[in-house]
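# Fold and contact review
These are the residues of each chain, in order.
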Amino acid sequence: MVISAVLEIFVYPVFVLNIALIIPSYFLLFANLLNQPLEKAVRQRYINEAKKKIQSLPDLTVIGITGSYGKTGTKYILEKLLSEKYNVLMTPASYNTTMGVVKTVRENLTSLHDIFICEMGARSIGEIKEICDIVKPKYGIITSIGPCHLETFGSIENVIKTKFELCDALPDDGIIFLNADNTYIAQKNDISKNAVYYGIENKDADIKANILSLSESGTSFEAAGKDFKTTLSTKLLGEHNIVNVLGCIAVAKELGVTDEQLILGSKRIEAAPHRLSLIKGADFCIIDDSFNSNPAGSSAALKVLSGFEGCKIIITPGMIELGEKQDEYNFELGRKAADVCDYIFLVGERQTRSIKKGVLSEGFDEEKLIIFEKVEDAINTAKFLADEKRRVILIENDLPDNF
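This part is about the confidence of the model for the protein. Scored by pLDDT, the protein has a mean of 88; 90% of the residues are at 70 or more. Throughout residues 5–12 the model reports pLDDT below 50, and contacts reaching past four residues in sequence, or to other chains, amount to 4 contacts.

Taken as a whole and assessed by the stated rule, the structure comprises 16 salt bridges. Among the salt bridges present, the one from Asp133 reaches Lys129, with a minimum N-O distance of 3.0 Å. Pair noted here: Asp133 and Lys129 are both in helix 4 (residues 127–135), with a separation of 4 residues, about one helical turn. Notably, a salt bridge pairs Arg391 with Asp283, separated by 2.9 Å at the nearest N-O pair. Taken together, the residues Arg391 in strand 15 (residues 391–396) and Asp283 in the loop between strand 10 (277–280) and strand 11 (284–289) connect sequence positions 108 residues apart. It is possible to trace a salt-bridge network through shared partners that takes in Arg45, Glu49 and Arg106.

Moving on, we come to the sheet that holds strand 5 (residues 175–179). Read from one edge to the other, the open sheet built from 9 strands follows the order 2-3-1-4-5-6-7-8-9, with strand pairing classed as mixed. At either margin of the open sheet sits one strand with a lone partner, and together these are strand 2 (88–90) and strand 9 (229–234). In this sheet, neighbouring strand axes are inclined to one another by 20° on average, regardless of whether the strands run parallel or antiparallel. Helix 2 (residues 71–82) contacts strand 1 (61–66), strand 2, strand 3 (115–119) and strand 4 (139–142) of the sheet and is inclined by roughly 170° relative to strand 3.

Attention now goes to the sheet that holds strand 12 (residues 311–316). With mixed pairing, the 6 strands of this open sheet are ordered in space as 10-11-15-12-13-14. With one partner strand each, in any of the chains shown, strand 10 and strand 14 (369–372) form the two edges of the open sheet. Here the average twist between neighbouring strands, direction ignored, is 20°. Where strand 11 meets strand 15, 6 bridges bridge the pair, whose relative direction is parallel. Looking at the pairing, Ile287 lines up with Leu394 of strand 15.

This part covers the pairing of strand 12. Of all 6 residues making up strand 12, 6 are buried, and the element is well covered by its neighbours. Burial along strand 12 is two-sided: the face carrying Cys311, Ile313 and Ile315 and the face carrying Lys312, Ile314 and Thr316 are both buried. Here 5 bridges tie strand 12 to strand 15, and the two strands are oriented parallel to one another. Following the sheet pairing, Ile313 is matched in strand 15 by Ile393. Here strand 12 runs beside strand 13 (residues 343–347); their pairing, made up of 4 bridges, is parallel. Residue Ile315 lies in a different strand from strand 13, and its bridge partner there is Phe345.

What follows is about unusual backbone geometry. A positive phi angle, close to 55°, is found at Lys136, a residue other than glycine. Along the chain, Lys136 turns up in the loop between helix 4 and strand 4. Look at Lys136 and you get exposed, because its relative accessible area is 53%.

In the contact formed by helix 12 (residues 326–340) and helix 13 (residues 353–361), the axes pass within 7 Å of each other and the chain directions differ by 40°. Classified by the angle their axes make, helix 12 and helix 13 are oblique. Helix-helix and strand crossings are classified by hand; for helix 12 and helix 13 the assignment is right-handed. Along its contact with helix 12, which presents Asp327, Asn330, Phe331, Leu333, Gly334, Arg335 and Ala338, the element helix 13 presents Ser354, Ile355, Lys357, Gly358, Val359 and Ser361.

A word on helix 9 (residues 239–254). Since the α-helix advances by 3.6 residues per turn, residues separated by three or four positions end up pointing in the same direction. Over its 16 residues, helix 9 extends 23 Å from the first C-alpha to the last, a length consistent with the 22 Å expected when each residue adds 1.5 Å. Burial of helix 9 is extensive: 12 of the 16 residues sit out of reach of the surface. What helix 9 keeps buried is the set Asn241, Ile242, Val243, Asn244, Val245, Leu246, Gly247, Cys248, Ile249, Ala250, Val251 and Ala252. Downstream of helix 9 by one or two residues, Gly256 has phi in the positive range, about 85°.

Rules and cut-offs
Residues numbered from 1 in each chain as written. Predicted model: local features only at pLDDT ≥ 70, side-chain atom pairs only at ≥ 80, totals over all residues. Heavy atoms only, no water. pLDDT = per-residue confidence, 0-100. Contact = heavy atoms within 4.5 Å. Salt bridge = Lys/Arg side-chain N within 4 Å of Asp/Glu carboxyl O. Helix = DSSP H or I, 4+ residues; strand = E, 2+ residues; numbered from the N terminus. Pairing = 2+ DSSP bridges. Axes fitted to C-alpha atoms, helices over the stretch in contact; angles between N-to-C directions. Buried < 20%, exposed > 50% of the residue type's maximum accessible area, 1.4 Å probe, protein only. Parallel < 35°, antiparallel > 145°, perpendicular 65-115°, else oblique. Left-handed = near helix turned anticlockwise from the far one by under 90°. Expected span 1.5 Å × (residues − 1).

Okay, structure coming up:
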């Protein structure tokens, strides 16, 4: 009797409570299963509407841009250059998924537009092809290929295959514009479409550049192709950005933009938000490269930082989504930062262990290596360092709160 009473008092209520907690979970799962076909039908309806709109504009020229990195910045550059001659629409901000592209087409594309610049992102095989099937690009730019999103792609071979889905989707009279300085792109020898190569380091590129000056104010360079040579200047920072400009020049020349229009357009180019954009204060400046980070991009950012005068500080939580090589790449980031920076501020102790190891392997002063929990605290500390020099702060990547 006593045992029975105890069961009634303690066990049965707990059992009932557990059932009460489990039932809503199963209800939500069941509701989710019922909702999936509806969501899929709505998604397909929107895709079909976008396809019909593209088909209804036979005079529209569509340019696709993809790459492991550099695609958003390239999109901003191309829009400025082509706008000197055409009415241009581009996918806004980082709208580069299938439904982001569909939303742009359905809500913003009109018969008044001559050109649609479509940024195409992907985390798995087939996603670039899906976007191409909707917008039907005639021209394409592949800005880069590298070890990004390896956790979802699984291998660099899958990354290459996916990026070249843009090339495969072009019509027979289409042209693919390729970054010849990128090793993975330059080594690909089974390209089936007309290809134009651009770059600074690759001497075989069709469009080349000779850098005349690099400074905090921007870059001056001489661009040359088969039928043109012109001197341009831009507010963009870093040599790697000039490679992106070259790709856009190649497209612009194909579409009849004149040298005079290129000169004006290049002066109007602004850095894409959080991609080496410059913020100036009274006695400090911030190089904001916080949108995303990858091995090539972080190296380029540090090279830009090295060209500034003043006390150099990097603030970073490191790089993510690099698969099994993530620790290796973050270690290298630490080594390179140690060679350039006077102070290194890491955000998040667990995430930055590999960077710290790389920094200390170079004999960096450990007193100038500080770990913060919040990026805001790191920025405020960097701004007000007791240093007579001007402070130059590179913010490299910005991770979500769960890191």
